[in-house]
Amino acid sequence: MRSYEDSPQTVYLSSTAVVRGYAAIRARYAGHYRPGRMGTLSVSDLAVRALGSDYAVATARWHLARTKDAGGDVSGLFSLVLHRTGGGWRIITDHTP
């Protein structure tokens, strides 16, 4: 969650829901990914495009390697809108269907 901007305007879009606000996104992740069952995340085909000096969009493929008892492997595509803050680049919109 350190990658997300801690803001009520931060948005996560899945294939079934729109989650608004850092706290709600954190709660969603906590409900879906349990410690020890998270798996190993890898990213490929990453492309980043600047949208001015303080914003960028990133697209890539993701793969989460998990044991069968943790639900098995899953993968897909994502796009992120990033905002440069005093603490570095933070996700303000995450579209991971």
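Notes on the structure in this doc start here. It should be emphasised that the depicted structure is a prediction, and the values quoted were computed from it without experimental measurement. (Residues numbered from 1 in each chain as written. Predicted model: local features only at pLDDT ≥ 70, side-chain atom pairs only at ≥ 80, totals over all residues. Heavy atoms only, no water.)

The next subject is the pairing of strand E5 (residues 74-85). By the bridge criterion, ten bridges tie strand E4 (residues 55-65) to E5 in an arrangement that is antiparallel. Following the sheet pairing, leucine 64 is matched in E5 by valine 74. Pairing of E5 with strand E6 (residues 88-95) involves seven bridges; the strand directions are antiparallel. In the strand pairing of E6, threonine 85 is matched with glycine 88. Hairpin connection of E5 to E6: two residues between the antiparallel strands. (Pairing = 2+ DSSP bridges. Helix = DSSP H or I, 4+ residues; strand = E, 2+ residues; numbered from the N terminus.)

Scope: geometric values only; no functional claims are made or implied.
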